[in-house]
Structure formats: C-alpha cells, structure tokens
Amino acid sequence: MTDIRDTLLVAQNSEGKRVLRPLSPHLQIYRPQISSMLSITHRATGIALSIGTLLLTWWLVAAATSDSAFAGVQGFIGSWFGVLLLFGWSAALYYHLLAGIRHLGWDAGYGFEIPRFHQTGYAVLIGTAVLTVLTWIVIAVVA
Amino acid sequence: MARQPTSLPPTAMRSQLGRVRGLGSAGSGVEIWWAERVTSIALVPLSIWFIVAVIAHLGADRAAIARWIGQPVNTVLLLALVIATFRHMALGLQAVIEDYVHGELARMVSLLVMRGAAWVLGLASVVAVVKLAF
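What counts, and where the lines are drawn
- Residues numbered from 1 in each chain as written.
- Chains lettered and ligands numbered in written order.
- Predicted model: local features only at pLDDT ≥ 70, side-chain atom pairs only at ≥ 80, totals over all residues.
- Helix = DSSP H or I, 4+ residues; strand = E, 2+ residues; numbered from the N terminus.
- Buried ≥ 20, exposed ≤ 12 C-beta atoms within 10 Å, placed from the backbone.
- Contact = placed C-beta atoms within 7 Å.
- Nonpolar A, V, L, I, M, F, W, Y, C, P; charged D, E, K, R; others polar.
- Expected span 1.5 Å × (residues − 1).

Observations concerning the overall build of chain A
Okay, so step 1: When helices and strands are tallied, chain A shows 4 helices and 2 strands.
Okay, so step 2: The N-to-C order of helical and strand elements in chain A reads β-β-α-α-α-α.
Okay, so step 3: Across its three principal directions, the C-alpha atoms of chain A cover 75 × 40 × 30 Å.
Okay, so step 4: Split into buried and exposed, the 143 residues of chain A put 19% on the buried side.
Okay, so step 5: A sequence separation of at least 24 residues applies to 57% of the contacts in chain A between residues at least 6 apart.

The following block contains the structure:
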C-alpha cells in the first residue's frame, strides 16, 4: 500500500479473504443507454463550450481593439465555417444548459426515479433540438 | 500505485468525520463542488440574456456594440457572465483532467496549463469589456 486511499479499496469476501473492491467497469463493457450517453454528452458539450470561450474572448478583445480587428472576427463569424461552429456551439450550449438544470434538480434531491429520470433525459434532448432550431430561425429572419 | 491486496488492516487511520468533511491532504472540502453549482445557477439567466442580446445585435457595427456594452446594466451583466463562465469552465475542466489524465506530473502540468489559460482568457475578456465600457 502506497497511499491512504488504497485502504478504502480493500475489503473481505464471504470467505474472509482480503480482496480489492472492484472499480467501475470500462465504458466498452456497458451497452449504450440513454443515461450514460446523456452523461458523457454533458461532459463533451462542456469541453466544446470551453473551446468556444476562445471565440468569445477574441470577439470581445477585437471589439475593444480596432475597427480592422473587429472586422476580422466578424468576417470569421460570418463565414460558412464560423456559422457551422456557432451552430454547433449553440446546440452544445442549450444542451449543457438544460442538462445542467437537470443536474441541479438531482443535487436538490429530485428526479431520481427511473421513469422520471428517463422523461427528463428525453426532455433535455427535445428541448435542445427545439431551442437550437428556433434560435436559428430567428437568426435567419433577423439577419 | 500498486493495486494489490495488502496485509494491513482494512480500517484507515482516519475518522469518519474527517472523511465526511473532506479535509484531506489538500486541506479543503466541498467548496469546489459548491462553486460549480453556484456558477451554474448564475449562468442559467446570464447565458439566456447573452444569447438574446447577441441576436438583437446581429450585423451591428463596432460603435453600436461599444454603446451597448457601455450601458452600466450591460457592463455588469457581461462581466458577471465572463467571470462565472471562466470559473465554471475551470472547475469543469479540472474534473475532466483529474478523471482522464493519469500520472502525477502530467496531471499537474495539465491543470496548470488549463488554469493559466482560463485566467488569461478571463482577464482578457474582462479588460476588453471594461475598455469598451469607459
């Protein structure tokens, strides 16, 4: 034993033999389920949004710097690649927002019953799709 | 660490109260967990406000953006959004790094680089907002 944490992993089996408690199985062992898929998507969208902060910072700094710098960032945002990124980030933001509210519900002790758990999971997916499409319809109309 | 059964007694030399308080070698408890929740609650209204504001300013020129950011309410909300975003991001990425980056050195370097980037991007955003506002 090299670490105090190791002691928490040690247990005895029914024959009194000292064994290590099992760790979580690897992802590949489980059949994909709505619960695990939504969980990993929450993390993936969080990472994607973290990368998106680069654009937020670029946009703010460019706006504070000069007309040409601002034109540069606006040109990037307006390009097909920029629009594609923004579409992805908008979907990721809505997903992370809705799934985050679901997480806060759990933190407060609500929504753990399996039927409710699945309902809220599908609600997050449907809500993400609806809000993303709605946002881009509004953008298309305004622009 | 070697993951083999040992001959030591299964009881750790640490009280249950100590475990619950989480006051381990890092000397801190559940503040990180709380900070992630508090920033997430703040970001619910702030990010919705920001999305609406961005759509309302599609195609606006730099002067119009500066005017909008210059209104005190918008300055405050935008600074709150930026600070909560980068704090929340750093906490979330910390959990990801701690889960997936193995090895003491690699983990420490990843955390330092990530936190450094979060600070620099966050400060740059704050300075930009303040400069636009005044």
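A few points about the interface of chain A and chain B
Okay, so step 1: Chain A puts 37 residues into the contact, and the matching count from chain B is 34 residues.
Okay, so step 2: Contributions of two or more residues to the side of chain A that touches chain B are made by strand S1 (10–12), strand S2 (18–20), helix H1 (34–65), helix H2 (67–78), helix H3 (80–107) and helix H4 (114–142) of chain A.
Okay, so step 3: For the side of chain A that touches chain B, the element with the highest residue contribution is H1(A), accounting for 11 residues.
Okay, so step 4: Taken together, the residues of the side of chain A that touches chain B break down into 22 nonpolar, 9 polar and 6 charged.

Topic: the environment of Val10(A)
Residues and elements named next belong to chain A.
Okay, so step 1: Within the fold, Val10 resides in strand S1.
Okay, so step 2: Note on Val10: 20 C-beta atoms within 10 Å, which makes it buried.
Okay, so step 3: Each C-alpha atom, one on Val10 and one on Trp106, is 30 Å from the other, the two residues being 96 residues apart in sequence.

Some details on H1(A)
Okay, so step 1: Taking 1.5 Å of rise per residue, 32 residues should cover 46 Å, and H1(A) covers 46 Å from first to last C-alpha, within 8% of that figure.
Okay, so step 2: Among all positions of H1(A), only Thr45(A), Gly46(A), Leu49(A), Ser50(A), Gly52(A), Thr57(A), Leu60(A), Val61(A), Ala62(A), Ala63(A) and Ala64(A) are buried.

Description of H4(A)
Because an α-helix packs 3.6 residues into every turn, residues spaced three or four apart end up facing the same way.
Okay, so step 1: Compared with an ideal rise of 1.5 Å per residue, which puts 29 residues at 42 Å, H4(A) spans 42 Å between its outermost C-alpha atoms and is within 8% of the ideal.
Okay, so step 2: Three or more residues of H4(A) are buried, namely Val124(A), Thr128(A) and Thr135(A).
Okay, so step 3: Structurally, H4(A) contributes buried residues whose contacts are with H1 and H3 of chain A together with helix H2 (31–56) of chain B.

The quantities given are spatial measurements derived from coordinates; they are silent on function.
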